[in-house]
Amino acid sequence: MKYYIGIDLGGTNLVVGLVNEAASLIDKETVPTKTTSGAAGIIAAMKAVTDRLLDRNNLKLYEIEAIGIGVPGTANRETGMIEFANNLNVSNEPFLPMAKEAFGGKTVYFNNDANAAAWGEYLAGAAAEAKSFVAVTLGTGVGGGIILDGKIYEGVNFAAGELGHMVIMADGLPCNCGRTGCFEAYASATALIQQTKAAMKGDVFSLLWEQCAEDINRVEGKTLFDAVRRGDETAIKVLKQYIKYLAAGIINIINVFQPEIICIGGGISKAGDLLMGPIREIVARESYSRNSDKQTRIITAKLYNDAGIIGAALLGSDIHPV
Ligand SMILES: [Zn+2]
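How each quantity is defined
Throughout this document, residue positions are counted from 1 along each chain, in the order its sequence is written. Totals for whole chains, interfaces and linings use every residue, but because this is a predicted model, local features are given only for residues with pLDDT of at least 70 and side-chain atom pairs only at 80 or more, for both listing and counting. Side-chain figures throughout are based on the complete set of non-hydrogen atoms in the structure, without hydrogens or water. UniProt positions are given in the numbering used here, feature names are shortened, and annotations may be inferred rather than shown by experiment. Water is absent from the atoms considered, so a metal site may look incomplete; donors are defined as N, O and S atoms within 2.8 Å of the metal, or 3.2 Å for Na, K and Ca. A four-donor site is classed as tetrahedral when every donor-metal-donor angle falls between 85 and 135 degrees; four donors are called square planar, and six octahedral, when trans pairs exceed 155 degrees and all remaining angles lie between 65 and 115, with any other arrangement labelled irregular. Starting at the N terminus, helices and strands are each numbered in turn, a helix being any DSSP run of H or I of at least four residues and a strand any DSSP run of E of at least two. Summary of the burial criterion: residues with accessible area below 20% of their type's maximum are buried, those above 50% are exposed, and those between are partly exposed, where the area comes from a 1.4 Å probe applied to protein chains only. Working definition of a nonpolar core: buried Ala, Val, Leu, Ile, Met, Phe, Trp, Tyr and Cys residues. They are joined through side-chain atoms within 4.5 Å. The contact criterion used is simple: two residues touch if any of their non-hydrogen atoms lie within 4.5 Å. Domain delimitation follows an automatic or database domain assignment. A 1.4 Å probe defines the accessible area here, and the buried area is the portion of it lost by two parts on being joined, summed over both. Two strands pair under a simple rule: DSSP has to find at least two bridges between them. Structural elements are reduced to axes, namely lines fitted to C-alpha atoms, with helices fitted over the stretch in contact, and the angle between N-to-C directions of any two is expressed from 0 to 180 degrees. Grid spacing is 1 Å over the protein atoms alone, the probe is 1.4 Å, and a cavity is where that probe fits but cannot get out, while a pocket is an open set with protein on both sides within 12 Å along at least five of seven lines and lining residues have an atom within 4 Å of a point. Grid points are joined across faces, edges and corners, and a volume is the space filled by probe spheres set on the points. Here the nonpolar group is Ala, Val, Leu, Ile, Met, Phe, Trp, Tyr, Cys and Pro; Asp, Glu, Lys and Arg are the charged ones; every other residue, Gly included, is treated as polar.

- Named according to an unreviewed UniProt entry, the protein chain is Glucokinase originating from Anaerocolumna jejuensis DSM 15929.
- Of the comments in the UniProt record for the protein chain, the one headed Sequence similarities (unreviewed entry) reads "Belongs to the ROK (NagC/XylR) family."

In structure tokens form, the structure reads like this:
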């Protein structure tokens, strides 16, 4: 059995996982990310956690095939630089050669974290046998990863796949990328929570208040779905509007890429048919390809938080287990 190390480097947490050649996660460890000491501090922490993980599993570094890192920013594979990662306080540092040195010359790969997560979902079964695949993750923002012909599509500058920053509403809500009306300003989990809170303020009798113990600061994605299940009209209205936003972005993605599979991840996707049913209906009605025999399948993610670790571990691998 071959083993790989996958590192999901987030602005809040650093997760190191041990993954085998069948794309199974065997063990993982999470520590808070130190963002005060630049690339050197982050790499030292990655090495320390990796050593502990290997010890615990009776493995040595030389028994590991490769190490892969998912980075929350632009990871230039040509130069090895992290060009910009605002959540890490790292910009223009030669991250890849530094990591390689820390791991004793071992093969180290890196890529954008959303791309690594898409690669994980792609390899580990969500898209088995598919050649084209798009992953959309609904979280604080909207993450995206595009796999075309079995490869991560990175663009000319390794910055492709920012699906959250396609505009779905000209002159719409401001986005932290500097534009207005971006998909993520309407369809992220953050946006859904904002939409829920705004509706609650207009309806003091809504069951949404009961669902969050009368404390609006405790509203989360689940609050809305629970109230919808109880038949609350205000909640149903919020969900309907949210689904329109989400469907607009999904149909744009389908019209451009016509992938075999789109997978929707993030906590919100756990709402299952409450979300996926209406999305599939709108897509069937409105996508440009609606009359084609072959249609994009829209499914929910399978690996959730582990996708980024598994995908990072296997960044250098072209295996596609079925
Ligand atoms: Zn944006």
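Examining the coordination of the zinc ion
Then, in step 1: Looking at the zinc ion, the protein donor atoms are H165 (ND1), C175 (SG), C177 (SG) and C182 (SG), and they sit 2.1 to 2.3 Å from it.
Then, in step 2: Between the 4 donor atoms coordinating the zinc ion, the angles at the centre fall across 102 to 123 degrees, so the site counts as tetrahedral.
Then, in step 3: Summarised as a motif, the one-chain spacing of the donors to the zinc ion is H-x9-C-x1-C-x4-C. In this pair, H165 sits in the loop between strand 10 (151–152) and helix 4 (183–187) while C175 sits in the loop between strand 10 and helix 4, placing the two residues 10 residues apart along the sequence.
Then, in step 4: For H165, a relative accessible area of 21% gives the class partly exposed.

So, the nonpolar core
Then, in step 1: V136, Y242, L246, I250 and L275 are the most contacted members of the largest nonpolar core, which totals 42 residues.
Then, in step 2: Ranked by residue count, the leading element in this core is helix 8 (residues 233–257), at 11 residues.
Then, in step 3: In this view, I250 contacts V136, F183, I262, I264, V283 and I298; residues no more than four positions away in its chain are not counted.
Then, in step 4: If you look at the next biggest cluster of nonpolar residues, it comprises 30 residues, including I7, I67, A85 and V108.

Here we look at the domain arrangement of the protein chain
Then, in step 1: Here the domain parsing of the protein chain yields domain 1 (3–122 + 306–314) and domain 2 (129–300).
Then, in step 2: Between the C-alpha centres of domain 1 and domain 2 the distance comes to 28 Å.
Then, in step 3: Domain 1 puts 13 residues into the contact, and the matching count from domain 2 is 17 residues.
Then, in step 4: Buried surface at the junction of domain 1 and domain 2, summed over both partners, amounts to about 1200 Å²; 60% is from carbon and sulfur atoms.

Comments concerning the sheet that holds strand 3 (residues 25–32)
Then, in step 1: The mixed open sheet is built from 5 strands, whose spatial order is 3-2-1-4-7. Since the sheet does not close on itself, it has two edges, and those belong to strand 3 and strand 7 (108–112), each with one partner. Going across the sheet, the axis of each strand differs from the next one's by a mean of 15 degrees, ignoring polarity.
Then, in step 2: Relative to strand 2 (residues 13–20), strand 1 (residues 3–9) runs antiparallel, the two sharing 7 bridges. Paired with Y4 across the two strands is V19, which belongs to strand 2.
Then, in step 3: Its contacts with the sheet place helix 1 (residues 38–56) against strand 1, strand 2, strand 3 and strand 4 (64–71), and it is angled at close to 140 degrees to strand 3.
Then, in step 4: Together, strand 1, strand 4 and strand 7 form the strand contacts of helix 2 (residues 95–102), whose direction differs from that of strand 7 by roughly 145 degrees.

A few points about the sheet that holds strand 8 (residues 133–138)
Working definition: the strands of a sheet are paired by backbone hydrogen bonds and lie parallel or antiparallel to each other.
Then, in step 1: Ordered by their spatial adjacency, 5 strands build an open sheet running 10-9-8-11-12, and the pairing between neighbours is mixed. Each end of this open sheet is capped by a strand with a single partner; those strands are strand 10 and strand 12 (297–300).
Then, in step 2: Sheet topology note: the strand 11 (residues 261–265)/strand 12 ladder contains 4 bridges and is parallel. Across the sheet, I261 pairs through a bridge with R297, a residue of strand 12.

Observations concerning the side chain of T223
Then, in step 1: Relative to the helices and strands, T223 resides in helix 7 (residues 221–229).
Then, in step 2: Judged by its relative accessible area of 4%, T223 falls in the buried class.
Then, in step 3: Those residues in contact with T223 that sit more than four places away from it in its chain are L208, Q211, C212 and R218.

Section: the layout of surface pockets
Then, in step 1: By volume, the second largest pocket amounts to about 200 Å³.
Then, in step 2: If you trace the second largest pocket, you find it lined by R77, Y109, F110, N111, W119, K151, I152, E154 and L315.
Then, in step 3: Taken together, the elements giving at least two residues each to the lining of the second largest pocket come down to strand 7 and strand 10.
Then, in step 4: Sort the elements by how many residues they give to the lining of the second largest pocket and strand 7 lands first, with 3 residues.
Then, in step 5: Considered class by class, the residues forming the lining of the second largest pocket number 5 nonpolar, 1 polar and 3 charged.
Then, in step 6: Residue assignment places the lining of the second largest pocket across two domains, with domain 1 (3–122 + 306–314) and domain 2 (129–300) each supplying three or more.

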